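Overview (structure and organization)
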Amino acid sequence: MDKIIVKGGGALSGQIPIAGAKNACLTLMPATLLSDEPLTLTNAPRLSDIRTMTTLLQSLGAEVQALNGGRVLALSSHGLNNHTADYDIVRKMRASILVLGPMLARDGRAIVSLPGGCAIGARPVDLHLRALEAMGATLDLRDGYVHAEAKGGLRGAVFEFPIVSVGATENALMAATLARGTTVLRNAAREPEIVDLAQCLRRMGAQIDGEGSSTITIQGVDRLNGATHPVVTDRIELGTYMLAPAIAGGAVELLGGKLSLVAAFAERLDAAGVTVEETAAGLKVSRKNGRVSAVDVRTEPFPGFPTDLQAQMMALLCCADGVSVLEETIFENRFMHAPELMRMGARIDVHGGTATVTGVDRLKGAPVMATDLRASVSLILAGLAAEGETVVNRVYHLDRGYERVEEKLGAVGARIERVRGDD
Ligand code: EPZ
């Protein structure tokens with residue numbers, strides 16, 4: 001298994017290009033199942049999760065071609081000949097559940113493995129299923145699979161999500177585009193990835209209003225056409241790299257960054273004493289000498305502070321001046337980076353969904369273990385300013401969501417290298 005070695009060093013300077021959003025691409029790709037005409041996605045990120053979704057769609061008989069070095073994905077489900085998403089693929093990536101709604105809407109049947117939990121929590125899919133049942137699907141759970149049917153097709157429905165769910169909103173939104181009649185989704189997720197999906201579906205001929213707000217209204221149509229759609233910028237990669245100069249000092253310009261994608265996160269950086277400026281090419285983040293100030297953070301659904309940036313923010317606050325309280329309200333077990341940061345000398349008390357971080361002068365490099373995608377990158381960020389060498393193991397987690405992290409950080413002066421594992 002590869003590992004990444006970071007040597008704590010000086011200030012950073014230069015530019016980092018931000019790629020297309022993993023979490024947008026993972027819902028845009030299954031949208032190809034809604035039409036038998038070609039769907040082309042541009043600005044696609046080159047990540048292992050995208051390759052996993054490619055394998056899943058190909059297992060269903062869809063065609064997926066990665067062109068232009070993977071930046072362009074040419075998809076077509078004209079040849080769809082299998083309605084079963086196998087456990088072997090689904091267990092590798094929970095987002096596989098996003099083929100359920102589109103397959104059901106297109107052909108009235110789908111058999112999809114339940115994804116199972118993951119390191120950060122149980123992550124059930126009950127809301128996905130309840131929304132589809134409200135639209136007339138019959139679902140039978142057996143042998144670890146959801147056997148879904150919609151004889152005569154799905155019908156429009158009014159459905160209120162009891163809690164905000166990104167994935168369940170995406171599944172229901174895609175299914176509703178081909179349902180007979182009108183669907184109203186209440187307490188829908190408002191993430192930019194939902195807005196991006198709605199814009200792509202509209203390009204395909206869907207009739208959708210209200211995306212980005214808590215109520216999305218969809219007028220079902222008989223069929224959808226092909227389209228070409230650019231994947232929205234990845235706000236989590238953006239926020240992650242905004243923290244690099246905040247932690248290591250210096251100034252870095254994030255190319256393609258938009259403040260509207262990370263407003264709540266940028267407000268917390270500003271409160272901590274980090275400068276965030278909009279430029280013609282993106283966002284420029286800088287920190288003068290001296291320590292950042294401690295700030296409190298509470299994760300919430302968009303437009304609140306994103307749970308996917310909580311681990312990375314904690315890495316900054318480990319060396320802030322004062323005590324910071326981080327509340328994780330979305331997932332039940334998303335502080336696994338804390339014990340690893342403590343190996344580097346951080347002072348963190350975790351009680352349930354709350355972590356209290358007391359800033360120290362400087363962390364010390366150490367061998368650390370990555371446990372999930374965002375935890376792994378928070379350890380790399382911590383290593384940028386730590387004394388000595390930090391070795392992050394199990395970086396396959398990292399490659400799921402970050403393109404060439406060592407190249408992007410190395411290009412702005414970080415002392416970072418990837419050591420190929422022996423397996
Ligand atoms: C998406 O996961 C993202 N993944 C996650 O990013 C992100 O952390 C999460 O949204 C929250 O923003 C993708 O988009 C592929 P949810 P998702 O449904 O859709 C509970 C990353 O690092 N819930 O909004 O699975 C759930 O357990 C990943 O890129 C149910 O109870 O998240 C959680 O507590 C990690 N029943 C809460 O809702 C359901 O049916 C929010 O989950 C669905 C969810």
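Everything discussed here concerns the structure shown above.
Described in the following lines is the structure provided in the data block. (Residues numbered from 1 in each chain as written. Predicted model: local features only at pLDDT ≥ 70, side-chain atom pairs only at ≥ 80, totals over all residues. Heavy atoms only, no water.)

1. Concerning the overall build of the protein
Stated formally: Helix numbering and strand numbering both begin at the N terminus, where a helix is a DSSP run of H or I of at least 4 residues and a strand a DSSP run of E of at least 2. With C-alpha atoms as the basis for the radius of gyration, the globule rule is written as 2.2 Å multiplied by the number of residues raised to the power 0.38. Each residue is assigned to one of three classes by its accessible area relative to the maximum for its type, calculated with a 1.4 Å probe on protein chains only: buried under 20%, partly exposed between the two thresholds, exposed over 50%. The contact criterion used is simple: two residues touch if any of their non-hydrogen atoms lie within 4.5 Å. Computed with a 1.4 Å probe, the accessible areas rest on the Shrake-Rupley method; for each residue, only the protein chains presented here act as cover. We treat Lys and Arg as the positive residues and Asp and Glu as the negative residues; His and chain ends play no part in the count. Here the site of a charge means NZ on Lys, CZ on Arg, CG on Asp, or CD on Glu.
Helix and strand counts for the protein come out as 14 helices and 24 strands. For the protein, whose C-alpha radius of gyration is 21 Å, the value lies close to the compact-globule estimate of 22 Å for 423 residues. Counting only C-alpha atoms, the protein reaches 65 × 45 × 40 Å along its principal axes. Scored against the burial criterion, the 423 residues of the protein give a buried share of 56%. Contacts in the protein between residues at least 24 apart in sequence constitute 74% of all its contacts with a sequence separation of at least 6. Looking at the protein as shown, the accessible area adds up to about 16,000 Å², and 48% of this sits on carbon and sulfur atoms. Taking the 43 positively charged and 48 negatively charged side chains of the protein as two groups, their mean positions are separated by 2 Å.

2. A short note on the site of the ligand
Just so we agree on the cut-off: Nearness of a residue to a molecule or strand requires only that one of the residue's heavy atoms be within 4 Å of it. Residues adjacent in sequence count toward polar contacts only when both atoms are side-chain atoms; beyond that, a polar contact is any pair of N or O atoms within 3.5 Å, and within protein one must be able to donate a hydrogen and the other to accept it. Classification convention: Asp, Glu, Lys, Arg as charged; Ala, Val, Leu, Ile, Met, Phe, Trp, Tyr, Cys, Pro as nonpolar; all other residues, Gly among them, as polar.
Taken together, the neighbourhood of the ligand is formed by 21 residues, with Asp126, Leu127, Ser165, Asp308 and Ile330 sitting nearest. Between the ligand and Asp126, the relevant distance is 2.7 Å, taken from a nitrogen atom to a side-chain nitrogen or oxygen of the residue. Starting from 830 Å² of accessible surface for the ligand in isolation, the protein chains cover 87%. Looking at the shell around the ligand, the elements with two or more residues in it are helix 1 (22–28), helix 5 (126–134), helix 6 (166–176) and helix 12 (373–385). It is helix 5 that contributes the most residues to the shell around the ligand, three residues altogether. A class-by-class count of the residues in the shell around the ligand yields ten nonpolar, five polar and six charged.

3. Quick word on the sheet that holds strand 15 (residues 250–255)
Defined as follows: If DSSP finds at least two bridges between two strands, the strands pair. Angular values range over 0 to 180 degrees, each being the angle between N-to-C directions of two axes fitted as lines to C-alpha atoms, with helices fitted over their stretch in contact.
Across the sheet, four strands lie side by side as 2-15-17-16; this open sheet has mixed pairing. Every other strand in the sheet has two partners, leaving strand 2 (12–17) and strand 16 (275–278) as the edge strands with one partner each. If you compare each strand with its neighbour and ignore which way they point, the axes differ by 15° on average. Sheet analysis places strand 16 next to strand 17 (residues 282–287), joined by four bridges and oriented antiparallel. By the bridge assignment for strand 17, Val276 is matched with Val285. On top of the sheet, helix 8 (residues 235–248) reaches strand 2, strand 15, strand 16 and strand 17; it is set at about 25° to strand 17, its chief contact.

4. Topic: unusual backbone geometry
Residues Phe302 and Pro303 are joined by a peptide bond in cis, for which omega reads 10°. Structurally, Pro303 is set in the loop between strand 18 (297–298) and helix 10 (310–317). Backbone geometry at Asn43 places phi at a positive 55°, although glycine is not the residue there. Tracing the chain through its elements places Asn43 in the loop between strand 3 (39–42) and helix 2 (48–59). Under the relative-accessibility criterion, Asn43 is labelled partly exposed at 30%.

5. A short note on helix 10
By the criterion of burial, helix 10 is predominantly enclosed, with eight of the eight residues buried. For helix 10, the full list of buried residues reads Gln310, Ala311, Gln312, Met313, Met314, Ala315, Leu316 and Leu317.

6. Structural notes on the state of the cysteines
To keep it simple, the criterion reads: The criterion for a disulfide is a pair of cysteine sulfur atoms lying within 2.5 Å.
Within the structure shown, the criterion is met by zero disulfides. Note on Cys25: no disulfide assigned, nearest cysteine sulfur contributed by Cys200 at a separation of 10 Å. What makes Cys25 buried here is its relative accessible area of 0%. Between Cys319, a free cysteine, and Cys318, which holds the nearest cysteine sulfur, the sulfur-to-sulfur gap is 6.2 Å. With a relative accessible area of 21%, Cys319 lands in the partly exposed category.

7. A word on the environment of Glu37
Here Glu37 lies in the loop between helix 1 and strand 3. Overall, the relative accessible area of 28% leaves Glu37 in the partly exposed class.

8. Topic: the side chain of Thr32
Its location among the elements puts Thr32 in the loop between helix 1 and strand 3. Assessed through its relative accessible area of 1%, Thr32 is described here as buried. In this view, Thr32 contacts Leu39, Leu57, Leu75, Ser76, Ser77 and Arg106; residues no more than four positions away in its chain are not counted.

9. Examining the packing of helix 4 (residues 100–107) against helix 6
Let me state the cut-off plainly: Here roughly perpendicular refers to angles of 65 to 115 degrees, roughly parallel to angles under 35, roughly antiparallel to angles over 145, and oblique to all remaining angles. Left-handed describes a crossing whose near helix is turned anticlockwise from the far helix by less than a right angle; the clockwise case is right-handed.
Direction vectors running N to C along helix 4 and helix 6 enclose 15°, while the axes themselves pass 7 Å from each other. In this view, helix 4 runs roughly parallel relative to helix 6, as classed from their interaxial angle. In terms of crossing hand, the pair formed by helix 4 and helix 6 is right-handed. Contact with helix 4, carried on its side by Leu100, Gly101, Pro102 and Ala105, involves Asn171, Met174 and Ala175 of helix 6 and no other residues of that element. Split by residue class, the contact of helix 4 with helix 6 holds five nonpolar, two polar and no charged.

Keep in mind these values describe shape, not function.
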